[in-house]
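# Descriptive structure summary
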Amino acid sequence: MAKTLIFGHKNPDTDTITSAIVYSYLKNQLGFDTEAVRLGNVNGETQYALDTFKVEAPRLVDKVAGEAGEVILVDHNERQQSADDIDQVRVTEVIDHHRIANFETSHPLYYRAEPVGCTATILNKLFKEKNVAIPKEIAGLMVSAIVSDTLLLKSPTCTDEDVAAARELADIAGVRLEEYGLDMLKAGADMSSKTIAELISLDAKEFQMGSHKVEIAQVNVVDTNDVLGRQAELEDALNGIIAQKGLDLFVFVVTDILNNDSVALALGKAASAVETAYNVKLENNTAVLKGVVSRKSQIVPVLTETLSK
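Here is a short report on the structure shown in this document.

Now for the packing of aromatic side chains. By the definition in use, this model includes four aromatic pairs. Ring geometry for Tyr-25 versus Phe-127: centroids 6.3 Å apart, planes at 20°, classification stacked. Of this pair, Tyr-25 sits in helix α1 (residues 14-29) while Phe-127 is found in helix α3 (residues 119-129), placing the two residues 102 residues apart along the sequence. A relative accessible area of 25% places Tyr-25 in the partly exposed class. On the basis of relative accessibility, which here comes to 1%, the residue Phe-127 falls in the buried class. Seen in terms of ring centroids, Phe-53 and Tyr-180 are 5.6 Å apart; in terms of plane orientation they differ by 70°. Their pairing is edge-to-face.

As C-alpha cells, then:
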C-alpha cells in the first residue's frame, strides 16, 4: 500500500501544521501508512508550539503528485489553497471546519466537516471514536491549534466543543491553558523582524467570491502600529500581487489580540466592498473593524455576500 500524504493549506498556520501531524499519527496508529507534509514555511507561533512539545515540523513540499497517488486534506478544501497539482492526485479524505467551495472529486471519499472553531476539535473526537489514546505531545499540538484558531477561546468561531476540547487537551499536555495560550499567541505576534513579503504571506488565502477573485491575509499583533507603520511598503507590495494574480480585492487584516479588534487595509478595484460590508469608510485605504477577529466567520462570509450581489 503506497504512502498517503496529509497536509493543510498554503501559507500554513498552527492548525494546518499540527492537524497534519496529529491526523497522520492517528492514521498510522490505525495501521495506515501516511506522512504529514506542509505547503509553506512554519510561522513563529507554530514553531513555539512545536518547540514546546519537542515535535519536528513536517517536511516542506511544493507538489505532491510525484510522491503519492492519494492525499488527505486537513484544515482546507478549496483547490486554490491546496497543492498546485492537487488535480493530479486522488483526495481520499477531508477533515475541515471551513466553508466548502471549488471542491469536487471523481471518487467517493470520507469528508468530515463541522462548524467548530478548529480542526483539532474534530480530531479530538476522531481519537475517541477510534479508541486511540492521545499522547502528551499530540495533545499539546492540538490545544495549540485551538488556542490559535480561537484566539484563546475569544473568537466568535469558538464553540462549547472547542472550549471543552481545549481544557481536556491542556490537562493531557500538562500546560495551564491561559498561561500557555497567551505565551504562544505573543510568540506569533512579534512582527518586528518580518519582511514585507513575510507579513503578506504569513497567513494569506485566495477566495472566489461571486465573479470576484479575492485574497485575504491576516496577522495577529499586540500593537497594530507595528505593522501599519509600514503601510506605504505594504501597499506597494500588495498592488504588485493584485496585478500579478489579477485580483479584484486584497484585504490585509491586522488583528489586535489584546483588544479583539482589527484594522483592514483594502486595495483593488473592489475595495469599496469592505465599506459596504462593514458600514465603514476607508480612510487612507484603511478602516477599523470593531470586534472582527475571524477571517472564517466575520470576513469571508460577509464579503462573499457583498460581492455576490
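As a further point, take the environment of Cys-158. Looking at the secondary structure, you find Cys-158 in the loop between α4 (136-150) and α5 (160-173). When its relative accessible area of 18% is taken as the criterion, Cys-158 is described as buried. Once the C-alpha coordinates of Cys-158 and Glu-206 are considered, the two residues, 48 residues apart in sequence, prove to be 23 Å apart. For Cys-158, the residues in contact, after removing those within four places along its chain, are Thr-150, Leu-153 and Val-163.

Turning our attention to the sheet that holds strand β4 (residues 70-74). With respect to topology, six strands assemble into an open sheet ordered β3-β2-β1-β4-β5-β6, the strand pairing being parallel. Each edge of the open sheet carries a strand with a single partner, namely β3 (59-60) and β6 (110-113). Both strand β5 (residues 90-96) and β6 contribute to a ladder of four bridges, which runs parallel. Residue pairing in the sheet places Glu-93 in a bridge with Tyr-110 of β6. Along the sheet, α1 contacts β1 (4-7), β2 (34-38), β4 and β5; its crossing angle with β2, the most-contacted strand, is approximately 175°.

Attention shifts here to the side chain of His-97. Position of His-97 relative to the elements: it lies in the loop between β5 and β6. Within the structure, the side chain of His-97 is placed 3.3 Å from the side chain of Asp-149, a separation counted as a polar contact. At a separation of 2.7 Å, a polar atom in the side chain of His-97 contacts the side chain of Lys-296.

On to the environment of Tyr-180. You can see Tyr-180 is positioned in helix α6 (residues 177-189). Between the alpha carbons of Tyr-180 and Thr-18 there is a distance of 16 Å; along the sequence they are 162 residues apart. At a separation of 2.6 Å, a polar atom in the side chain of Tyr-180 contacts the side chain of Ser-144.

It is a general feature of regular strands that their side chains alternate between the two faces of the sheet. Counting buried positions along strand β7 (residues 204-209) gives five out of six residues, so the element sits mostly inside the fold. Strand direction decides the pairing type here: β7 and strand β8 (residues 212-221), joined by six bridges, are antiparallel. Bridged to Lys-205 within β8 is Ile-216.

The mixed open sheet is built from five strands, whose spatial order is β7-β8-β9-β10-β11. Each edge of the open sheet is held by one strand with a lone partner, namely β7 and β11 (286-289). Each adjacent strand pair in this sheet contributes to an overall mean axis angle of 25°, direction not counted. Relative to strand β10 (residues 261-267), helix α9 (residues 231-245) is tilted by about 55°, and along the sheet it contacts β7, β8, β9 (249-256), β10 and β11.

Turning our attention to the pattern of salt bridges. A side chain with one charge can pair with a side chain of the opposite charge if their charged atoms come near. Scanning all chains against the criterion turns up 17 salt bridges. The partner of Asp-84 in a salt bridge is Lys-10, and the shortest N-O contact between them spans 2.5 Å. Pair noted here: Asp-84 is in the loop between β4 and β5 and Lys-10 is in the loop between β1 and α1, with a separation of 74 residues, a long-range link. When the shortest N-O distance is used, the salt bridge between Arg-59 and Glu-35 registers 2.6 Å. Here Arg-59 is found in strand β3, whereas its partner Glu-35 is found in strand β2, with 24 residues between them in sequence. Note on Arg-59: relative accessible area 35%, which makes it partly exposed. Residue class for Glu-35 comes out buried when judged on its relative accessible area of 18%.

Calculation rules
Sequence order sets the numbering: in each chain, residues are counted from 1 along the sequence as written. In keeping with the predicted nature of the model, local features appear solely for residues at pLDDT of at least 70, side-chain atom pairs appear and are counted solely at 80 or more, and the whole-chain, interface and lining totals rest on all residues. No hydrogens and no water enter the side-chain calculation; it runs on all heavy atoms of the structure. Pairing of aromatic rings covers Phe, Tyr and Trp, the last through its six-membered ring, and needs centres within 6.5 Å; plane angles under 30 degrees mean stacked, over 60 mean edge-to-face, and all others mean tilted. Helix numbering and strand numbering both begin at the N terminus, where a helix is a DSSP run of H or I of at least 4 residues and a strand a DSSP run of E of at least 2. The cut-offs for exposure are 20% and 50% of the maximum accessible area for each residue type, with area from a 1.4 Å probe on protein chains only; residues under the lower value are buried, those over the upper are exposed, and the others partly exposed. The contact criterion used is simple: two residues touch if any of their non-hydrogen atoms lie within 4.5 Å. Here, a strand pair is defined by DSSP locating no fewer than two bridges between the strands. Between the N-to-C directions of two axes lies an angle of 0 to 180 degrees, each axis being a line fitted to C-alpha atoms and, for a helix, fitted only over the stretch in contact. Under this definition, polar contacts are N or O atom pairs within 3.5 Å; protein pairs additionally need one hydrogen-donor-capable and one acceptor-capable atom, and for neighbouring residues in sequence, both atoms have to be side-chain atoms. Between Lys or Arg on one side and Asp or Glu on the other, a salt bridge is scored when a side-chain nitrogen of the former is within 4 Å of a carboxyl oxygen of the latter.

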